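Letter by letter, the chains look like this.
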Amino acid sequence: MKVEAFLDRFFPAGSNPLYQLGAVSFFLFWIIAVTGLYLFIFFETSITGAYQSVESITHEQFYIGGIMRSLHRYASALLALSVTIHLIKELGMKRFQGPRWFSWVSGVPLIWLLFASSLGGYWLVWDEKAQYIALTTAALFDYLPIVVEPMAFGFLDGTTVSDRFFSLLIFLHVGLPLALLLGMFIHIQRISNSSTFPARGLALSLLGAMVVLSVVKPALSLGPADLNRPVQTVQVDWFYMNVFPLISETGAGAAWVILLGITIALLLVPLIFRGVPKPIAIVDPDYCNGCSWCFADCPYDAIYMKPHEKLANHLQSVVVADKCVGCGICAGACPTATPFKSVNNAYSGINLADENNAAILVRTQEQIRQHPQADKHVLVVGCAHGPQIDQLASDVVTPLTLECVGQLPPSYLDYLCRKEGVDSVLLTGCAPGNCFHRLGVELQEARLAHEREPHLRFKDVHVKVTTLWAGAGGETTVARAVAQLQQDERIADAKDA
Amino acid sequence: MPKMPEGTVMQRLAQLLFFSALMVFAGYFSDSPAYQLLESGQTELKLVVRHSGNIIGECRALDTGEIAALAPNMRRPMVCPREKAPMRVELDLNNKREFTETITPSGLHDDGVLALFRKFTLDSGDLILHLRITENPDAGGLPRDYEKQFQVDAHSTLIVEYTDSGFSSWQPQHSPRPRL
Ligand code: HEM
């Protein structure tokens, strides 16, 4: 969290790399795919040809082939890094609870596919590093009791490897990344509007930086593989070959314990840290008018539309309970939530099961009315995952904590400012780009800015609303902003007087 | 924490610093530090067993009752066991016991091949190698021995193998290929 806030200081809004690690990972994957395709054109699938062809790509066409090769290697290294930090971050944010287990669990096999893809690439070069990787991979798999003929027999000496083997390797080094890509798409199936491309500035900077690195320190081969003698010293790619020295030192058993241990531990995370199930969204057909705005806003693809039960020629929203995380963003998107309508007391078409929109409004109204000097009131709206705001409650400050800021129907701000005398509103929550519920901050900003339905209606209310996406731990920043707002109010009052 | 004003030189410099640090990290750890597998003067021995194994037990004639109990398409006069004997492998290097293991045939019914691969690191120089293979050691199988002296170079490979056709050993020659 500290690191994220630190990077926030010098990255323009929306381009902090720590907030788009998934998208950065996709971007790196595409760089690897394109550069890999280039290398593939010149690669020769034979024992002697493999090494020679990679050497000639590197040295004879250093200006393009060499850079392509280096980009291929460094993008892979950075991919391992970004995936690792992505994992740690999602773990830290507990974004694996409830229906979100799917993204987590489907992420785990991606690690294996990523490692297999990358190591397969090193294998193709058929230099001493490839020899080391081949023999150590063989040792790893030969440890398994299911093995009939040890893989190591294939690498006994220089006579045992054939050209056909390289055709198999190429097949694997194309097939495994394709499987990885498929896995990546499955990984983001359960969420909508997933960001699979990083902010442009970030993407360009990253690509530029990698090109510079490729020129300064081109990726090179070691000496050619020679199975007739052992490898003495090997340069290790610590991003991918990290368990290999362990296999060499202690045998494959320890490596299997660690690899399977980590994999199983990761798979069990959503089961062990299950958390309290959150109340999910419920559609009330009496009030749902079939506008589809909740369907458009749901970050988890948990809503679909069907023909309306009660209204002819209308649609009606349906919540898929297995996918609903209970963020409430749909409730904030519901236009029937408006308190201005006379007929039905602000009842709305879609609500969170524990507290419906109308109840939230009543609760807030009551809090504001408790204080007679309500005309100088600051309303602070926050979320369960950003800065805590309850401690700000006072005669003149009313905090309203929701599951997500996206849960707030903008019409409530119109209403509370116009009818209940709220003088200013501060919306706070997760840092921009880092919303716990993925899209809440973004969607609410768009609603306030008139860019998305349902929008904030009144200009005079619009000027009273400030946003401060301070992120978890940003209590002091929020407190300072609230104090500032109160002071502004007093100055305005003094002027009026 | 105060945010730097966007688009300023300071912000750009900070980003430059960030990406440089990232690239130094990626550039360094993608091939360093190196890992040393063999110290100078050390060399490698590969021990290989690949043997189709020997079946334990004899074929036996079935009596009429047993034949009748079989499915019609499976009826036959004799049954032969498929299970093969395990094999003890013992390796001495310079008259010191280096390795002992009893290997079992692969396959669910112990009817597959016997295979073993082990790699040892040794010091170069004179080597007396003694490999002893005992088939079906628990049932009193007799050992077969292979003893040989070698002069092993540093940074080379020595392979010793036991297969269906007996023992063999060889030291493949390093075949330098030209680098471009
Ligand atoms: C090649 C590897 C990976 C790629 C390319 C990748 C990509 C992505 C992308 C694009 C997102 C969506 C971000 C968004 O729009 O909010 C995402 C979300 C996520 N990923 Fe990954 N990921 C990878 C590996 C992993 C791994 C290894 C894990 C953990 C085991 C993981 C866990 C998650 C979780 C929990 C989410 C959040 C889903 C949610 O917000 O409900 N990912 N990933």
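Counting from 1, residues in each chain are numbered in the order their sequence is written. In the order they appear in the text, chains get letters beginning with A and ligands get numbers beginning with 1. Local features in a predicted model are, by the rule used here, given only for residues with pLDDT of at least 70; side-chain atom pairs are given and counted only at 80 or more, and totals for whole chains, interfaces and linings are based on all residues. The side-chain figures draw on all heavy atoms in the structure; neither hydrogens nor water molecules are used.

Thoughts on the overall build of chain B
As a reminder of what qualifies: Under the scheme used here, helices are H or I runs from DSSP no shorter than 4 residues and strands are E runs no shorter than 2 residues, and both carry numbers assigned from the N terminus. Both definitions apply: the radius of gyration is a C-alpha atom measure, and the globule rule equals 2.2 Å times residues to the power 0.38. By the convention used here, residues are in contact when the closest approach between their heavy atoms is within 4.5 Å. Surface accessibility in these figures is a Shrake-Rupley result with a 1.4 Å probe; residues are shielded only by whichever protein chains are displayed. None of His or the chain ends enter the tally, which takes Lys and Arg as positive and Asp and Glu as negative. Note that the charge is assigned to NZ on lysines, CZ on arginines, CG on aspartates and CD on glutamates.
Scanning chain B from terminus to terminus reveals two helices and 11 strands. Traced from its N-terminal end to its C-terminal end, chain B shows the element sequence α-β-β-β-α-β-β-β-β-β-β-β-β. The globule rule puts the C-alpha radius of gyration for 180 residues at 16 Å, and the 30 Å found for chain B is more than 25% above it. Across chain B, the fraction of contacts at a sequence separation of at least 24, relative to all contacts at a separation of at least 6, is 58%. Put simply, chain B shows about 10600 Å² of open surface, and 55% of that area lies on carbon and sulfur atoms. Across chain B, the 19 positively charged side chains and the 23 negatively charged ones have centroids separated by 7 Å.

Brief notes about the site of the ligand
All names here are of chain A. Quick note on the threshold: For this description, a residue counts as near a given molecule or strand if any of its non-hydrogen atoms is within 4 Å of it. Polar contacts here mean pairs of N or O atoms no more than 3.5 Å apart (in protein, one a potential hydrogen donor and the other a potential acceptor; neighbouring residues in sequence count only if both atoms are side-chain atoms). Lys, Arg, Asp and Glu make up the charged group, whereas Ala, Val, Leu, Ile, Met, Phe, Trp, Tyr, Cys and Pro make up the nonpolar group; the residues left over, Gly among them, are polar.
Neighbouring the ligand are 23 residues; His-86, Arg-100, His-187, Ser-195 and Arg-438 lie closest to it. Within the side chain of His-187, a nitrogen or oxygen atom sits 2.7 Å from a nitrogen atom of the ligand. Here an oxygen atom of the ligand and a side-chain polar atom of Arg-438 are 2.8 Å apart. Elements with a contribution of two residues or more to the shell around the ligand: helix H2 (21-42), helix H4 (62-92), helix H5 (101-125) and helix H7 (163-187). The leading source of residues in the shell around the ligand is H5, at six residues. The class makeup of the residues in the shell around the ligand is 11 nonpolar, eight polar and four charged.

Brief notes about the interface of chain B and chain A
In many analyses, interface size is given as the accessible surface area lost on bringing the parts together. Applicable threshold: The buried area of a pairing is the accessible area, by a 1.4 Å probe, that goes missing from both parts when the two are put together, added over both. What makes a salt bridge here is a side-chain nitrogen of Lys or Arg within 4 Å of a carboxyl oxygen of Asp or Glu, nothing more. Strand pairing requires that DSSP identify at least two bridges connecting the strands.
Listed per partner, the contact involves 51 residues of chain B and 60 residues of chain A. Overall, the association of chain B and chain A removes approximately 5100 Å² of surface from exposure, summing both partners, and the carbon and sulfur fraction of that is 62%. Inspection of the region where chain B meets chain A yields one salt bridge. The partner of A:Lys217 in a salt bridge is B:Asp31, with the nearest N and O atoms 2.9 Å apart. The interface formed by chain B and chain A includes 18 residue pairs in polar contact (both at pLDDT 80 or more). Counting only elements with at least two residues in the side of chain B that touches chain A, the list comes to helix H1 (9-29), strand E1 (35-36), strand E2 (42-51), strand E7 (114-123) and strand E10 (157-163) of chain B. Tallying contributions element by element places H1(B) first for the side of chain B that touches chain A, with 11 residues. Per-class residue counts for the side of chain B that touches chain A are 27 nonpolar, 14 polar and 10 charged. When strand E1 (residues 233-234) of chain A meets E1(B), the two strands line up antiparallel, connected through two bridges.

Section: the coordination of the iron atom of the ligand
All names here are of chain A. Worth spelling out the cut-off: Ligating atoms shown are N, O and S within 2.8 Å of the metal, or 3.2 Å for Na, K and Ca, and water is not included, meaning a site may look less than complete. Labels for metal geometry use angle windows, namely 85 to 135 degrees for all angles of a four-donor tetrahedral site, and for square planar (four donors) or octahedral (six donors) sites opposite donors over 155 degrees apart plus all others within 65 to 115; sites meeting none of these are irregular. For the exposure calls, accessible area comes from a 1.4 Å probe over protein chains only, and a residue counts as buried if that area is under 20% of its type's maximum, exposed if over 50%, partly exposed in between.
Looking at the metal site, the iron atom of the ligand is ligated by His-86 (NE2) and His-187 (NE2), spaced 2.0 Å from it. Of note is the iron atom of the ligand, whose six donor atoms meet at the metal with angles of 87 to 179° in an arrangement that counts as octahedral. Of this pair, His-86 sits in helix H4 while His-187 is found in helix H7, placing the two residues 101 residues apart along the sequence. For the pair His-86 and His-187, one class covers both residues: buried.

Let's talk about the nonpolar core
Residue and element names in this part refer to chain A. The following threshold applies: The nonpolar core is taken to be a set of buried Ala, Val, Leu, Ile, Met, Phe, Trp, Tyr and Cys residues, with the residues joined through side-chain atoms within 4.5 Å. The split into domains, and so the bounds of each, comes from an automatic or database assignment of domains.
Ile-350 and Leu-413 are the most contacted members of the largest nonpolar core, which totals 110 residues. Two domains each put at least three residues into this core: domain 1 (2-272) and domain 2 (281-496). If sequence neighbours within four positions are ignored, Leu-413 has contacts with Leu-379, Leu-408, Val-425, Leu-427, Leu-448, Leu-456, Val-461 and Val-465. Of all hydrophobic cores here, the second largest spans 26 residues; its members include Phe-43, Val-125, Phe-155 and Leu-169.

Some points on the sheet that holds E7(B)
Residue and element names in this part refer to chain B. So the rule is basically this: Axis definition: a line fitted to C-alpha atoms, limited for helices to the stretch in contact. Angles are taken between N-to-C directions and run from 0 to 180 degrees.
Pairing within the open sheet is mixed, and its four strands lie in the order E7-E2-E10-E11. Two strands in the sheet have a free side with no partner beyond their single neighbour: E7 and strand E11 (166-170). Across the sheet, the mean angle from the axis of one strand to that of its neighbour is 15°, orientation sign disregarded. By the bridge criterion, 10 bridges tie E2 to E7 in an arrangement that is antiparallel. Pairing of Val-49 across the sheet is with Leu-116, part of E7.

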